[in-house]
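Take a look at the letters that make up each chain.
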Amino acid sequence: MNIITFDSEAKLNEAAARIITGIVQTNPSAVLGLATGGTPVGIYKQLVHDYNEGLVSFKKVTTFNLDEYVGLAPDHHQSYSYYMRENLFNHVDVDASRTNIPSGLASDLVEECSRYDQLIQAAGRIDIQLLGLGHNGHIGFNEPEEELSSGTHVVELAEETKQANARFFSEGEQVPSQAITMGVGTILKAKTLLLVVKGKDKAEIVKRALTGPITTDVPASLLQTHPQLTVLVDQAAGSLLP
Ligand SMILES: O=P(O)(O)OC[C@H]1O[C@](O)(CO)[C@@H](O)[C@@H]1O
């Protein structure tokens with residue numbers, strides 16, 4: 001595990017973007033695993049900047065997002081489909097037909113999960129999986145459980161997660177109570193993992209995830225088992241690390 005601490009958010013975002021663009025420069029047909037939430041917004045801005053500077057092209061990449069809310073249409077302003085278009089896809093030369101996000105509107109969610117797993121399998125291995133970290137240690141929407149699922153599945157969102165994500169929704173809007181998420185097994189199969197964590201409020205969970213026991217109570221602790229894990233933290237998030 002390689003942990004790098006940054007004294008500014010801009011430097012952290014640049015470093016994360018440099019890792020991703022490096023992979024795409026080496027392999028223009030790379031398979032990118034993408035994340036949503038507040039954490040990667042600045043990284044996507046940097047990727048758009050790098051694209052505009054002519055440093056990278058996403059023309060041939062394939063992308064798989066970690067998760068999507070159940071019940072939100074792709075044009076809902078809080079769907080992760082909308083988020084990805086707003087923050088990245090609409091601003092670079094990615095081929096929309098090679099971007100993949102589970103459909104939260106599928107009539108048969110179990111079928112949708114297996115369709116998503118088949119797509120990932122058909123694409124081969126995810127070259128790099130970008131990850132944020134939930135306050136309860138979730139990765140994707142894999143919430144703390146006695147047992148974690150390996151493949152894509154439907155989850156009931158933890159109360160803590162709904163409260164944390166309520167900040168993105170308009171007043172009076174409900175945070176969906178379910179989501180579809182890539183499983184921990186799929187995440188761990190990615191060739192490289194890039195975990196990015198920002199903010200003092202994540203310091204305790206970063207410490208537990210990276211230095212505590214490997215337990216399904218803290219899904220991110222399973223990342224410790226991955227041979228190619230890079231963690232980028234700001235000083236606040238990394239403040240409790242040894
Ligand atoms: O970056 P944020 O908004 O703190 O979210 C952390 C994690 O939680 C999620 O938003 C899901 O709640 C993930 O997509 C993200 O990686």
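Bear in mind the structure is a predicted one, so any value in this text is a computation, not a measurement.

Caption draft 1: Spotlight on the sheet that holds strand S9 (residues 192–197). Ordered in space as S1-S10-S9-S6-S2-S3-S5, the seven strands form an open sheet in which the pairing is parallel. Taken across any chain shown, the strands that pair with only one partner, and hence form the sheet edges, are strand S1 (2–6) and strand S5 (99–100). Pairing analysis gives two bridges linking strand S2 (residues 31–34) to strand S6 (residues 128–131), with the strands arranged parallel. Within S6, the position partnered with Leu-32 by the bridge is Ile-128. Those strands touched by helix H4 (residues 109–123) are S2, strand S3 (62–65) and S5, and its axis lies near 145° from that of S3. The sheet contacts of helix H7 (residues 203–211) involve S1, S9 and strand S10 (229–234), and relative to S10 the element is tilted by about 160°.

Caption draft 2: Inspection of the nonpolar core at higher detail. Membership of the largest hydrophobic core comes to 68 residues, with the highest contact counts inside it found for Leu-32, Phe-58, Leu-88, Leu-195 and Leu-223. Examining the composition of this core, we find that six residues originate from one element, helix H1 (residues 9–26), more than from any other.

Caption draft 3: Spotlight on H4. Across its 15 residues, H4 extends 21 Å between first and last C-alpha, which sits within 8% of the 21 Å expected from 1.5 Å per residue. Among the residues of H4, those classed as buried are Leu-109, Glu-112, Cys-113, Tyr-116 and Ile-120. End-on view of H4: buried residues confined to an arc of 105°, all on one side of the axis. Opposite the buried face of H4, by more than 90 degrees, sit the exposed residues Val-110, Gln-118, Gln-121 and Ala-122. Of the surrounding secondary structure, the elements contacted by the buried residues of H4 are S3, S5, strand S7 (153–156), strand S8 (178–181) and helix H6 (184–189). By the N-cap criterion, in which a side-chain oxygen at the helix start approaches the backbone nitrogen of a residue two or three places on, H4 is capped by Asp-108, the distance to Val-110 being 3.2 Å.

Caption draft 4: Highlighting the side chain of Asn-165. For Asn-165, the position within the fold is in helix H5 (residues 159–165). A polar atom in the side chain of Asn-165 sits 3.0 Å from the side chain of Tyr-69. Not counting residues up to four positions away in its chain, the partners in contact with Asn-165 are Tyr-69, Tyr-80, Phe-141 and Val-175.

Caption draft 5: Just the environment of Asn-87, in detail. Its location among the elements puts Asn-87 in helix H3 (residues 80–87). Here the alpha-carbon distance between Asn-87 and Lys-45, two residues 42 residues apart in the chain, equals 7.0 Å. The residues touching Asn-87, leaving out its near neighbours within four places in the chain, are Val-41, Tyr-44 and Val-48.

Caption draft 6: Inspection of the environment of Pro-144 at higher detail. As for its placement among the helices and strands, Pro-144 is situated in the loop between S6 and S7. Sequence separation between Pro-144 and Ile-120 is 24 residues; the distance between their C-alpha atoms is 24 Å. Beyond its immediate sequence surroundings of up to four residues, Pro-144 is in contact with Asn-136, Thr-216, Asp-217 and Pro-219.

Caption draft 7: Seen up close, the site of the ligand. By nearness alone, 15 residues border the ligand, and Gly-38, Thr-39, His-138, Asn-165 and Lys-202 come closest of all. One nitrogen or oxygen atom from the main chain of Gly-38 is found 2.7 Å from an oxygen atom belonging to the ligand. Measuring from an oxygen atom of the ligand, one finds a backbone N or O atom of Gly-132 at 3.4 Å. Alone, the ligand offers 380 Å² of accessible surface; in the complex the protein occludes 96% of this. Here the ligand is seated within the largest pocket.

Caption draft 8: Representation of the UniProt feature "active site" (unreviewed entry) in the protein within the structure. What UniProt calls "active site" (unreviewed entry) maps, in this numbering, to Asp-67, Asn-136, His-138 and Glu-143. The subset of the named residues that lines the largest pocket consists of Asp-67, Asn-136 and His-138. Checked against the element boundaries, Asp-67 lands in strand S4 (residues 67–69). Residue classification places Asp-67 among the buried positions, given a relative accessible area of 4%. If we skip the residues at most four places from it in the chain, Asp-67 touches Thr-36, Tyr-80, Ile-101, Pro-102, Gly-140, Phe-141, Ile-180 and Thr-181. Locating His-138 in the fold gives a position in the loop between S6 and S7.

Caption draft 9: Summary view of the side chain of Glu-143. Positionally, Glu-143 belongs in the loop between S6 and S7. For the buried residue Glu-143, which engages in no salt bridge, the nearest side chain bearing the opposite charge is Lys-162, 8.9 Å off. Separated by 2.8 Å, the side chains of Glu-143 and Asn-136 make a polar contact. Setting aside anything within four residues of it in sequence, one finds Glu-143 in contact with Asn-136, His-138, Leu-148, Glu-156, Leu-157, Ala-158, Thr-161 and Pro-219.

The rules behind each value
- Residues numbered from 1 in each chain as written.
- Predicted model: local features only at pLDDT ≥ 70, side-chain atom pairs only at ≥ 80, totals over all residues.
- Heavy atoms only, no water.
- Pairing = 2+ DSSP bridges.
- Helix = DSSP H or I, 4+ residues; strand = E, 2+ residues; numbered from the N terminus.
- Contact = heavy atoms within 4.5 Å.
- Axes fitted to C-alpha atoms, helices over the stretch in contact; angles between N-to-C directions.
- Core = buried A, V, L, I, M, F, W, Y, C linked by side-chain atoms within 4.5 Å.
- Buried < 20%, exposed > 50% of the residue type's maximum accessible area, 1.4 Å probe, protein only.
- Expected span 1.5 Å × (residues − 1).
- Arc of directions from axis to C-beta.
- Polar contact = N/O pair within 3.5 Å; in protein donor to acceptor, adjacent residues only side chain to side chain.
- Near = heavy atom within 4 Å.
- Areas by Shrake-Rupley, 256 points an atom, 1.4 Å probe, with all protein chains shown as cover.
- 1 Å grid on protein atoms, 1.4 Å probe; cavity = no way out; pocket = protein on both sides within 12 Å on 5 of 7 lines; lining within 4 Å.
- Sits in = over half its atoms within 2 Å of the grid points.
- UniProt positions renumbered as here; feature names shortened; annotations may be inferred.
- Lys, Arg positive; Asp, Glu negative; His and termini not counted.
- Salt bridge = Lys/Arg side-chain N within 4 Å of Asp/Glu carboxyl O.

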